[in-house]
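So you can see what is in the structure, the chains are spelled out below.
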Amino acid sequence: MPFGVDEAGKGPVLGSLFAGAVALEDPSRLPGDVDDSKRLDAATRERIDAELRADDHVRVAVAEIPPARIDDPDTDMNTLTVVAQAQALSAIARNGDTGVVDAGDTSETRFARRVREHAAVDVDVTAEHGADETHDVVAAGSVVAKVARDAQMTALEREHGAVGSGYPSDPTTRAFLADYVDAHGDLPPFARASWATSSDVLAAAEQAELEDF
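For the structure given in this document, a descriptive report is provided here. (Residues numbered from 1 in each chain as written. Predicted model: local features only at pLDDT ≥ 70, side-chain atom pairs only at ≥ 80, totals over all residues. Heavy atoms only, no water.)

### A few points about the overall build of the chain
Working step 1: Secondary structure assignment for the chain yields 8 helices and 5 strands.
Working step 2: Along the chain, helices (α) and strands (β) appear in the sequence β-β-α-β-α-α-β-α-β-α-α-α-α when read from the amino end.
Working step 3: Overall, the C-alpha framework of the chain stretches about 65 × 35 × 25 Å when taken along its three principal axes.
Working step 4: Buried residues in the chain amount to 49% of all 213 residues.
Working step 5: Taking the contacts inside the chain whose residues are at least 6 apart along the sequence as the reference set, 69% of them involve residues at least 24 apart.
Working step 6: Total accessible area on the chain stands at roughly 10,200 Å², and carbon and sulfur atoms take up 48% of it.
Working step 7: When the 19 basic and 41 acidic side-chain charges of the chain are each reduced to a single mean position, those positions are 5 Å apart. (Helix = DSSP H or I, 4+ residues; strand = E, 2+ residues; numbered from the N terminus. Buried < 20%, exposed > 50% of the residue type's maximum accessible area, 1.4 Å probe, protein only. Contact = heavy atoms within 4.5 Å. Areas by Shrake-Rupley, 256 points an atom, 1.4 Å probe, with all protein chains shown as cover. Lys, Arg positive; Asp, Glu negative; His and termini not counted. Charge placed at Lys NZ, Arg CZ, Asp CG, Glu CD.)

Right, dumping it as structure tokens:
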């Protein structure tokens, strides 16, 4: 059964890294407007995700790497991307399946080999840069991953108020972090402490305390 895998959330300072995997025998079962998740609005992504999950002939899985694991100094984002994709893939693939994953490394061959080695099933993996733009089944995986990440950010916003997109370039996210540190004296548990943005916020708070003193 052909499969496709992609991830969402490699760069944010808030939230987890998610990998989405989709497997199906007949590509015609994919929604007709499936596309790279970055090209779709949130409502379309959610509808496609729901359609995929409602189809008994389609397998869907998501793997999550939380911030605490991302901050582990004994690992790196390339390895975590491999692990996330392999975990999601292992949940939907069977021995002998063949598919494509979006390459999270400069070397497509190396990334494919590492995903295959980390998978719990014996599968044939091809990795390509921009696979979510050229393979519909990988695009479907990107949608599943993005919907999972969006759901997490929505839950965080419901609990904590405006947190923004979670990306370092987002002024709302940076303001949220600064306010949280000011109120609690530390980063929220869903922030990636190893990101430069987090270090900057903590340093700014420390400097403000010194100036107040």
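Having seen it, we continue.
### A word on the packing of helix α3 (residues 77-92) against helix α4 (residues 108-118)
Between two packed helices, the angle of one axis relative to the other and the distance separating the axes together describe the packing.
Working step 1: At a minimum axis separation of 8 Å, α3 and α4 run at an interaxial angle of 50 degrees. In terms of orientation, α3 lies oblique with respect to α4. Two packed elements cross with a definite hand, and for α3 against α4 that hand is right-handed. Packed against α3, whose contacting residues are Asn78, Thr79, Thr81, Val82, Val83, Gln85, Ala86 and Leu89, the element α4 presents Phe111, Arg114, Val115 and His118 at the interface. (Axes fitted to C-alpha atoms, helices over the stretch in contact; angles between N-to-C directions. Parallel < 35°, antiparallel > 145°, perpendicular 65-115°, else oblique. Left-handed = near helix turned anticlockwise from the far one by under 90°.)

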